[in-house]
Every structure is written in C-alpha cells, then in structure tokens.
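As a plain string of letters, each chain reads:
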Amino acid sequence: MSETLRAEWTKARTVSGTLWLLCGIIAATTAVGSLVTVSTRCGSDNCIQDPAKISLTGIYLGQAVVAVLAVLAISDEYSTGMIRVSLTAMPRRAGVLAAKAAVLAGLVFTAGAMAVLGSVLAGWLWLPGSGYNGSVSRAAFGSVLYLVLVGLLSLGVAAMVRDSAVAIGVVLSLLFVFPVVAHFIGNSTWQWHLEQVGPMTAGMAIQNTVNLGGQPIGPWAGLGVLAAWAAGAMLTGGLLLVRRDA
Amino acid sequence: MAATIAPYRPRVQPRRAGFAQLLHAEWTKLRTVRGWIIGLLLVPVMTAGFGTLISSGSECGYMYPGANGQLVSGPCSAPVGPGGEVVQDQFYFVHQALAGNGSITARVTSLTSSNPQPWAKAGIIVKAAAGARGDGSPRSEAVPGSAYAAMLVTGSHGVRMQWNFTGDTAGLPGDVSAASPRWLRLVRSGDTVTGYDSADGSHWTRVGTVSLAGFPATAQIGLLATIPPPRDQGHIAAGQELTATGTFDHVGVAGAAGGSWQGTGLGGPPGPGKNADGFQRTATGFTVTGNGDIAPDVGEKTISDTLDGLFAGLIVAIVIGAMFVTAEYRRGLIRVTLAASQGRGRVLAAKAIVVGLATFVAALAGCVISVPIGEHLLRSHGNVVDPVPALTWLRVVAGTAAVIAVIAMLAVAFGAIFRRGAGAVTSAIVIVVVPWFLAVSSPALPVTVSDWLLRVSPSAALAIQQTIPQYPQVAGDYGPNGGFYPLVPLAGFAVLCAWVAAALWLAVRLLRRRDA
C-alpha cells in the first residue's frame, strides 16, 4: 500500500499542473473572499449578515479549481493511456483509487487550509468586532473539509465517466444545479428539501455562524450530506474501475 | 544524356478548400460522433426537463376567510390592463356615473397613513365601465383593469397625472397639507381626458392631455385613495392591509352626472376584509380610505420563469463546445485538421459556427417545448403569468436559445485556448454561472456589486429574458433577485458577444503561434 501511495504522490508531485492548481485554489478563494468582504459595508453596531460566511464566499470559486485538480488526477491518465501502465504495475485497482484519494485529500487539505486562513484573516481585518465568535473556527475548519469532500466527489465522478470535460461538467452541474433550481422554485417546501439534499447547498451550511435554527440543515449534518455524496461517488467510481476494462 | 521525365500531375484538379468545405467538414465531425449527438439531444431535454420541474414547483395562492369562517385558498389573480400587461387595480372608489363629456374638480387637503409610502395615492379619476354583462346589457360599474385617467396627490412624488397604468406625468411638486392643499381637475371630452392642477383653485395649469382609445360613452367618475404595501411585505392577510386616507373638499362634477355618490372597494383578493376601507362625508366633503395600487404589476410570473432550465442545458452545451476542440487535441486529429485546411483562424471560425448553429437549434427546441408547458403548469398552480406580445415572446425564446449557443461558442474558444477539456469546461462554467449565482442568490453581496457583476460578466446576457420594464412610478423589487437586470436586453446580450469575440480573438492568436 505504501508503494502505491508513494507512486501516486510522485505522479502528483511531478506533474506541472498540480502546483499551479494548488496555487489557483488559494488565489481564487482568497481573492473572491477579500473582494466580497471589502465591498460589504457592515455597520459596527448592527450587522444582520454572517461575517464568517461573507469572508468565505471565495469557496464558491475555489471549489471549481479543486474539482479540476481532482478530475485531472484520474482522467489525465485515461487521456494519455497512462492508466494501463498504472494498473499493470499496481493490479489492486481499489488500492490505486484509495491512494489517489489520500494524496488528493492531503494536497487539497493543505491548500484549502491556506486559502481559508487567508480569507478569514481578510474578514477579521475588514469586519472587526462584527460577531466573530467561537463558531468561526468551526466554519473555517469545516470549509477546508468541504473542499476536501468536493475533491473526493470529483475524483469519484471522474473515475466513473473517465473523460475530463464530461466529468467536470457533471461535477459542476451537481454542485450548482441544486441551488439554481431551489432559487427559482416558488414552493418553499421544495426549496427547503432541495437545499437539504444538494451537495453544495448542504455542505456550505458548515459556514453558517448566525441564525442556525433558520437554516434548512445544521452545519455538521450538511457536511454529512456532502460526505455521503462523496462516498457514493467514490464507491461507484471504485466499483466501475475494478469491473471495467481500462 | 538522360531523358527528362515529365513530373506526375494528377488528373483531378484540386478544388479550392473554401470556407464552405471547412464548415461541411466540421459538421460531418459533429454529426458522426455519437457522444456529440447525445449531448445535443441532452440540451433540449435538460432545458425543458428542469424548466418543467421548476414550473411545477411554483405555487401561488391566497388564504381568505370563506363563508363558514374557515380559511379557503384561492389562486392568485391579476387583471390585464388596456396595454395587455398584468396590472394591479385595487383602490377605494367613491363614484357616480358620467354620461358623455364632463369634468370633476376636487381639493385634496391631506393624504395620511400609519406607514407613509412614496407612491400612496389620493385624487380624482375617470374610469371606463368596460364590457357588457352576460345578458348583453351595458355595465355601469367600473371593473379592474379598465381604461382610466387620474389626477393624483402622492406620498412623496407631488401631483401626478396617470393613465392606463403605464402613463405618468409630473404636476405640482411638494407634499400636500392643509396649509398647501392641491386642487385637481379632470375634463373628459370624447376619447381625450385633460388633467389640470392648481395650488389655489383659481390659477390652473394643464398637466397633460391623454387619448384613451375606445373609451366608452358612460364612465365612472369620482374620488379614490390607495396605498401599495411596503416592499418588504409580501402577501398580507385579509383585513391587515396598510391603508391611506385622503381628505377631499370642494368636490364638483360638471356634465350629465347622475345619482348619489357610491363607495366601492375595487379589485383585490376575494373574500371579506379590507375592514378599514370606506368613505365618510364630512361637513365640507369626503374622507376616502383605501389600499392597493393602480400600477403595472411587476411581481407576477413571466414567460422567462418557464425558461429557468437553461442553466442545465447551458452546462451540456459548454461541454459539447469545449470538447469539439479539445477532443481533437487529445486524439491528435487537430494536426490533420490544420494540415488539411488553409488558415488556422478559419478552422476555429468554422468550429464555432457549426457548434453555435447546432446548439442554437437544440436549445431552441428545448425553449419552444418549455414555454407552453411551463405556462400551463404555472397557471394550474395558481400563478398569474404576464402575457407578452408576439415579438417579445420571440425575443425571449430565441434569445435564450441564442445565449446558450453563444456560450457554447465561448466554450469552443476556451477549448482552443486551454487545449484541455477540464480547464476549458471549468472556465466557461465559472465565468458564466458563478457571477450570476453570486449576484442573484448570495445574500452576502451588496446590491451595487450584484449589479456590476450582471453588467460586466457574460451572465449580463440573461437580460434578454426580461419582459417587464422597470417603471419609475412603481416601487417594486427591481434587483436581480426579482428577475430584473441592470442592462436592457440587447445590451446585455452584446456584453456576452463581446466576451466571445475577445475569447475567439485570443484563441486564434494562440492557435497561430503555438505548435499543434
């Protein structure tokens, strides 16, 4: 197992795109987060909005870069034919996917932590004293986990459909179609349920620090929904990888 | 001495590889790959499917006390004005019939409310008694949505002359009070109505003359008061409405007016309620209390609400557009393509045109299916759908399909820029969907930032779906959340086209400079 892990780590380390994409995660997240934070005029006495959520808005963009990184981790091997070499050298296919997942999770966790730290710092500087409390650390740590889970979801989808363009289309549809439909739908019950089951709408609940009772889903339950999506995608992807010809 | 050998010349003359041949070649590629045909079929399926899902989940209804005191729900309803648009026509009307020409004059000394609104209204009105009864006899009462002209004192917009819901002209500025009352006069002569105002009752200024096409001989003429609910309050329980009260004196009617003054609460949801509405005679005139508004209804559903499935179709179109280029890079086919044709820019242009036309046709099919089904579903769930003229219908439906097609062309350009499927698809989706998503559904962004996002990002093109204009005389929710975009439809579409032109330019430059 450790050899498989090392092989995957070497691949991830030596492909030129990885470093750029990791920098992209940090840049996209902190840039959007800071811009939104700076453009928000929040009175010091009465701020009805959620300052932690505002400063972490960049996650909406950062997750797209995470998805690219995760999809390329496996679909690049399919597009070059490298996957056949990998699977010949490491015949335990489930182990290969698990090693890919472990390396990806480590990389995304590191980059995500830096991105979230930068965003929260910007929020702390620009929105001083506006309800920053203990749950901010939960929102920040949870956002890093959110990015890791989006990465695993994308890896699972990519293992299923193999083509990078289709995989990224499926992942971004899964993430964005639920909130878009929920936004347009006039029935508040449906809206509520759609936001409870959508991977992005549920997972982003981890960022709520105010009015927790008025949200469709609690923070950790929401992250759990995303984790279920990621687990489902990884299991299906792993099963297909084991059963199919490469 | 060696004999010279004549060089081989093929008998078939090489045909000039024109742009038409290039288009034909690209069309053949698109047509013969099964995945792309499936993708093209998915565009209308996703657009119509998600559109139908959204329409069937949108309900509108009023709860009101029924005959035996239990709450009954009824569908939302809104009358249609003379211009064909959905309107609000709810006010308290103290009226009498006026046969033929005549005039009404009144002095307004106050307009009060517990929660003053800028567009609260009190004033005089001449309103058509439209249509005929079921038995053919002419109606004598005014009905919601019929033609009218009115001189109104407003909460904070001075005196206005308004007619047929969309017309609005300013008269005397300033608020009304006992110390500075406003005199109002309406003169009806045939189809034309002229409005006058005055501060003292002796020096009159003409505010406007309007022509009301087909105005019936017998009209209702009288006094009114109404007040729109505050913007942040949605549908309000019956009996709990905010009301405004206007105080009138020196009321005079000239012409063949008949009978006594009658009070009618016009329009509004069914059932009893509006308890505070009514009128009282005072020593010198009347006080009239009413609620509602006389204005275009900007809060109802429109046909663009049946086309929200475009986001699902859009993502499929982006994947097709990007892969139409990146798949050639992956297989190395791009080298054959470039070797076989003259000019790399022309290859990309041919690809963009073929993808654009194919996705346009596919998306158009989806939109044409989506709209009638969606309208039917919306209406059957109690919603009011604003009827639109045929040209607007065409603009919204064809425009939505064009937005999908042009974004697919953007994806073609991104495919040539990135040469990798994942990067091209992600960039295209992120640049189109994320700004719109942040602007419309993120509660964190201030309105100014949302507006700018919808001005400069490619999602500005969605303005092509806007059917209801923003009326200065209606305090509506004109933010992106209410379906209103900061740019006019064609300007928004032009922003997207500018993005595509810039991306294609960059793509051609890179394609020429780089090795394939």
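### A word on the pairing of strand 9 (residues 182-189) of chain B
Within a regular strand, the side chains alternate between the two sheet faces.
All names here are of chain B.
And then number 1: Counting buried positions along strand 9 gives seven out of eight residues, so the element sits mostly inside the fold.
And then number 2: One ladder, built from seven bridges, connects strand 9 with strand 10 (residues 192-198); its direction is antiparallel. Paired with leucine 186 across the bridge in strand 10 is glycine 195.
And then number 3: Connecting the antiparallel pair strand 9 and strand 10 is a turn made up of two residues, with glycine 190 showing a positive phi of about 65°.

### Quick word on the domain arrangement of chain B
By a frequent convention, interface size equals the accessible area lost on bringing the separate parts together.
Residue and element names in this part refer to chain B.
And then number 1: Here chain B is partitioned into domain 1 (19-57 + 301-513) and domain 2 (75-296).
And then number 2: Inter-centroid distance (C-alpha atoms) of domain 1 to domain 2 is 45 Å.
And then number 3: Contacts between domain 1 and domain 2 engage 11 residues on the former and 17 residues on the latter.
And then number 4: Looking at the side of domain 1 that touches domain 2 residue by residue, the classes come out as six nonpolar, three polar and two charged.

### Remarks on the nonpolar core
All names here are of chain B.
And then number 1: Ile318, Ile407 and Ala413 are the most contacted members of the largest nonpolar core, which has 234 residues in total.
And then number 2: The element that contributes the greatest number of residues to this core is helix 6 (residues 390-418), accounting for 19 residues.
And then number 3: Two domains each provide a minimum of three residues to this core, namely domain 1 (19-57 + 301-513) and domain 2 (75-296).
And then number 4: Among residues more than four places away in sequence, those in contact with alanine 413 are Ala352, Val500, Ala503, Leu504 and Ala507.

### A few points about the packing of helix 7 (residues 421-441) of chain B against helix 8 (residues 447-456) of chain B
All names here are of chain B.
And then number 1: The contact between helix 7 and helix 8 brings their axes to 9 Å, and the two run at 150°. It follows from the interaxial angle that helix 7 and helix 8 lie roughly antiparallel. Two packed elements cross with a definite hand, and for helix 7 against helix 8 that hand is left-handed. The residues of helix 8 that touch helix 7, namely those facing Pro435, Leu438 and Ala439, are Ser450, Leu453 and Leu454.
And then number 2: When grouped by side-chain class, the residues that make up the contact of helix 7 with helix 8 number five nonpolar, one polar and no charged.

### Digging into the interface of chain A and chain B
And then number 1: Every contact between the two is made by 36 residues of chain A and, on the other side, 38 residues of chain B.
And then number 2: Mapped onto the side of chain A that touches chain B, the elements with two or more residues apiece are helix 2 (16-39), helix 3 (51-55), helix 4 (59-80) and helix 8 (164-184) of chain A.
And then number 3: Element by element, the count of residues in the side of chain A that touches chain B is highest for helix 8 of chain A, at 14 residues.
And then number 4: Looking at the side of chain A that touches chain B, its residues break down into 21 nonpolar, 12 polar and three charged.

### Brief notes about helix 5 (residues 344-380) of chain B
And then number 1: Taking 1.5 Å of rise per residue, 37 residues should cover 54 Å, and helix 5 of chain B covers 53 Å from first to last C-alpha, within 8% of that figure.
And then number 2: Residue B:Gly382 follows helix 5 of chain B closely and has a positive phi angle near 90°.

### Notes on the environment of A:Phe178
Residues and elements named next belong to chain A.
And then number 1: Here phenylalanine 178 lies in helix 8.
And then number 2: Owing to 19 C-beta atoms within 10 Å, phenylalanine 178 belongs among the partly exposed residues under this scheme.
And then number 3: Placed 23 residues apart in sequence, phenylalanine 178 and threonine 201 show a C-alpha to C-alpha distance of 7.4 Å.
And then number 4: Dropping the residues within four chain positions of it, phenylalanine 178 is found in contact with Leu194, Gly198, Met200 and Thr201.

### Remarks on the pairing of strand 4 (residues 91-113) of chain B
All names here are of chain B.
And then number 1: Pairing of strand 4 with strand 12 (residues 218-226) involves eight bridges; the strand directions are antiparallel. Bridge assignment links phenylalanine 93 to a residue of strand 12, and that residue is leucine 224.
And then number 2: Examined bridge by bridge, strand 4 and strand 9 share seven bridges and lie antiparallel to one another. Following the sheet pairing, arginine 107 is matched in strand 9 by tryptophan 183.

### Points about helix 9 (residues 489-513) of chain B
Residues and elements named next belong to chain B.
And then number 1: Taking 1.5 Å per residue, 25 residues should reach 36 Å; helix 9 reaches 37 Å between its end C-alpha atoms and fits that length.
And then number 2: Looking only at helix 9, the buried set comprises Gly492, Phe493, Leu496, Trp499, Val500, Ala503, Leu504, Ala507, Val508 and Leu511.
And then number 3: Contacts from the buried residues of helix 9 go to helix 5 and helix 6.

### Points about the packing of helix 5 of chain B against helix 9 of chain B
All names here are of chain B.
And then number 1: Remark: helix 5 packs on helix 9, axes separated minimally by 9 Å, with the N-to-C direction vectors making an angle of 140°. Taken together, the axes of helix 5 and helix 9 lie oblique to each other. The hand of the helix 5/helix 9 crossing is right-handed. For the pair formed by helix 5 and helix 9, the contact residues are Arg344, Gly345, Leu348 and Ala352 on the first element and Leu504, Ala507, Val508, Leu511 and Arg512 on the second.
And then number 2: Of the residues that constitute the contact of helix 5 with helix 9, the class distribution is six nonpolar, one polar and two charged.

### Things to note about unusual backbone geometry
Residue and element names in this part refer to chain B.
And then number 1: The phi torsion at histidine 250 lies on the positive side, around 50°, for a residue other than glycine.
And then number 2: Along the chain, histidine 250 turns up in strand 13 (residues 244-266).
And then number 3: Its identity is not glycine, yet arginine 419 carries a phi of approximately 60°, on the positive side.
And then number 4: Along the chain, the position of arginine 419 falls in the loop between helix 6 and helix 7.
And then number 5: Arginine 419 sits in the partly exposed class, given 19 other C-beta atoms within 10 Å.

Calculation rules
- Residues numbered from 1 in each chain as written.
- Chains lettered and ligands numbered in written order.
- Predicted model: local features only at pLDDT ≥ 70, side-chain atom pairs only at ≥ 80, totals over all residues.
- Buried ≥ 20, exposed ≤ 12 C-beta atoms within 10 Å, placed from the backbone.
- Helix = DSSP H or I, 4+ residues; strand = E, 2+ residues; numbered from the N terminus.
- Pairing = 2+ DSSP bridges.
- Domains from an automatic or database assignment.
- Contact = placed C-beta atoms within 7 Å.
- Nonpolar A, V, L, I, M, F, W, Y, C, P; charged D, E, K, R; others polar.
- Core = buried A, V, L, I, M, F, W, Y, C linked by C-beta atoms within 7 Å.
- Axes fitted to C-alpha atoms, helices over the stretch in contact; angles between N-to-C directions.
- Parallel < 35°, antiparallel > 145°, perpendicular 65-115°, else oblique.
- Left-handed = near helix turned anticlockwise from the far one by under 90°.
- Expected span 1.5 Å × (residues − 1).

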